[in-house]
Amino acid sequence: MEEIKQAMALYKKVLVAGCGTCVTVCWAGGEKEVGILASQLRLARSAEGSEIVTLEAIVERQCEKEMVAELKDKVTEVEAVLSLACGSGVQVMAELFEDKPVFPAVNTTFIGMPEKEGLWVEMCGACGDCFLDRTGGICPIVRCAKGLLNGPCGGTRKGGKCEIDPDKDCAWVLVYRRLEKQGRLDLMRQYYTPKNFRAVKRPGRVQATKA
Amino acid sequence: MNGRIIAFCCEHSAYPAADLAGKLGLHYPETLRIIRVPCAGRVDVIHMLRALEKGASAVLVLGCEDGACHHITGNIRARERVKHCDMLLREIGIDGRPVVMFNLSPNAPHKFVKAANEITKIIKESREAR
């Protein structure tokens, strides 16, 4: 919560966006949790003697662009988005609304997925210590071939492609472009110390504490 | 803050108790505002938070005695939710605005008054401590 409070400190009007699917089922980011988190933010802010306006929204599935696109009007109104979706939902939100900073409100720890049919692209490594707030909503841990926290490496090809696979985008070029759009390039200059990849002990197991 | 205490009263216990307190002419703090609910188990965390957001100094959740809940486990759920709400408040560093649960039976007007006085005392103490 402290992390969320600090991330929101700069903003006066934010959208708290939940997701109606997986995170609702695991009591982390559904309608109820959106209401509670928004209320906590308002209470915390008023205790500090200032104010924060929160819009609240739930989309059926925050990992689907069509569904997230419905939030356009609300996102236009706010300065930043606080997403209670999994890392995948946060990234879809960040991709659709590139000019707004999107902050993760949950630390996605592991993702269960349907086993067959179709093709999915990995967006979130479920590392348990979300990094998306510093990278403009693009996860370098899985989208960079080397999983670099301080990129790009020296191997970026012309056109922003990866040296390991020319068909793939260099995640750090994407991060740079996204942050540039948001005027937050100072984040690129920061040095991030190695991450604790043991935040989640595998296999993941979460015991809900909500009453 | 408007100094009010919001009391969510179960209509099977605390509400009749409050009614009886009125009939007997018992005094309780004038800052108390009663909200009648079908069961203490109906009161959700968000209701308690909203009450505080709107300026209440404290929230009381009053339900049936253990084992006597009209809806079997409503009072147990309510207690858990009060505990959860308390944890959420501590998380954002808000203290001195208590959320407390009391159990009482419909024929216990004195206990209703005692609960109201007790929470008033808690608020007063925490204000003085600051």
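What comes next concerns the included structure. From a predicted model like this one, the values you see are computed outputs, not experimental measurements. (Residues numbered from 1 in each chain as written. Chains lettered and ligands numbered in written order. Predicted model: local features only at pLDDT ≥ 70, side-chain atom pairs only at ≥ 80, totals over all residues.)

Along chain B, the regular secondary structure elements total 4 helices and 4 strands. Put simply, chain B runs from its N terminus to its C terminus through helices and strands in the order β-α-β-α-β-α-β-α. Its C-alpha atoms give chain B a radius of gyration of 14 Å, within 12% of the compact-globule value 14 Å for 130 residues. Expressed along its principal axes, the backbone C-alpha trace of chain B runs to roughly 35 × 30 × 20 Å. Within chain B, the fraction of its 130 residues that count as buried is 43%. Nonlocal contacts in chain B, meaning residues at least 24 apart in sequence, comprise 79% of its contacts between residues at least 6 apart. (Helix = DSSP H or I, 4+ residues; strand = E, 2+ residues; numbered from the N terminus. Rg over C-alpha atoms; globule rule 2.2 N^0.38 Å. Buried ≥ 20, exposed ≤ 12 C-beta atoms within 10 Å, placed from the backbone. Contact = placed C-beta atoms within 7 Å.)

For chain A, the helix and strand inventory stands at 8 helices and 4 strands. The helix and strand sequence of chain A, counted from the amino end, reads α-β-α-α-β-α-α-β-α-β-α-α. C-alpha extents for chain A along the principal axes are approximately 50 × 40 × 35 Å. Counting across all 211 residues of chain A, residues that qualify as buried make up 39%.

Our focus in this paragraph is the packing of helix α2 (residues 45–53) of chain B against helix α3 (residues 74–91) of chain B. All names here are of chain B. Between α2 and α3, the shortest axis-to-axis distance is 9 Å and the interhelical angle comes to 50°. Relative to α3, the element α2 is oriented oblique. In the packing of α2 onto α3, the handedness of the crossing is right-handed. Side by side, α2 and α3 meet where V45, M48 and L49 of the first sit next to R81, H84, C85 and L88 of the second. Classifying every residue of the contact of α2 with α3 by side-chain character gives 5 nonpolar, 1 polar and 1 charged. (Axes fitted to C-alpha atoms, helices over the stretch in contact; angles between N-to-C directions. Parallel < 35°, antiparallel > 145°, perpendicular 65-115°, else oblique. Left-handed = near helix turned anticlockwise from the far one by under 90°. Nonpolar A, V, L, I, M, F, W, Y, C, P; charged D, E, K, R; others polar.)

Of the residues lining the interface, 13 residues belong to chain A; the matching set on chain B comes to 16 residues. Ranked by residues supplied to the side of chain A that touches chain B, first place goes to helix α3 (residues 31–47) of chain A with 9 residues.

Below, the discussion takes up the sheet that holds strand β3 (residues 58–63) of chain B. Note: strands within a sheet are paired through backbone hydrogen bonds, in either parallel or antiparallel orientation. Residues and elements named next belong to chain B. Spatially, the 4 strands line up as an open sheet ordered β2-β1-β3-β4, and their pairing is parallel. Here the strands that pair on one side only, and so sit at the sheet edges, are β2 (32–37) and β4 (99–103). Between one strand and the next, the sheet's axes are offset by a mean angle of 20°, whatever the strand orientation. Pairing geometry for strand β1 (residues 5–10) and β2, over 6 bridges, is parallel. Pairing of F8 across the sheet is with I35, part of β2. Running at roughly 115° to β1, helix α1 (residues 14–23) makes contact with β1, β2 and β3 of the sheet. (Pairing = 2+ DSSP bridges.)

All names here are of chain B. Helix length check: helix α4 (residues 109–129), at 21 residues, gives a terminal C-alpha distance of 30 Å against a target of 30 Å (1.5 Å per residue), a fit within 8%. Taken residue by residue, α4 has P109, F112, A115, A116, I119 and I123 as its buried positions. Down the axis of α4, the buried side of the element spans an arc of 130°, and every buried residue falls inside it. Exposed residues pointing more than 90 degrees away from the buried face of α4 are listed as K121, K124, E125, E128 and A129. (Expected span 1.5 Å × (residues − 1). Arc of directions from axis to C-beta.)

Here T73(B) is to be found in the loop between β3 and α3. Judged by local crowding, T73(B) falls into the exposed class, with 11 C-beta atoms found within 10 Å.

This part is about unusual backbone geometry. Most of the time, phi is negative for any residue but glycine, and the peptide bond is trans. All names here are of chain A. Backbone torsion omega between G151 and P152 reads -5°, so that peptide bond is classified as cis. Although it is not a glycine, W27 sits at a positive phi angle of roughly 55°. Looking at the element boundaries, W27 is found in the loop between α2 (22–25) and α3. Judged by the 13 C-beta atoms lying within 10 Å of it, W27 falls in the partly exposed class.

Residue and element names in this part refer to chain A. Between the first and last C-alpha of helix α8 (residues 171–182) there are 17 Å, a value that for 12 residues agrees with the 16 Å anticipated at 1.5 Å per step. By the burial criterion, the buried members of α8 are A171, W172, L174, V175, Y176, R178 and L179. Where α8 is buried, its residues touch α7 (140–143). Immediately beyond the C-terminal end of α8, within one or two residues, lies G183, with a positive phi of roughly 65°.

Counting residues in each nonpolar core, the largest one holds 99 residues, and the members touching the most others are V81(A), L84(A), F8(B), V59(B), L60(B), V61(B) and L62(B). Residue contributions to this core peak at 7 residues, all from α3(A). Sequence-distant contacts of F8(B), defined by excluding residues within four places in its chain, comprise I35(B), V37(B), A40(B), V43(B), L60(B), V61(B) and L62(B). (Core = buried A, V, L, I, M, F, W, Y, C linked by C-beta atoms within 7 Å.)

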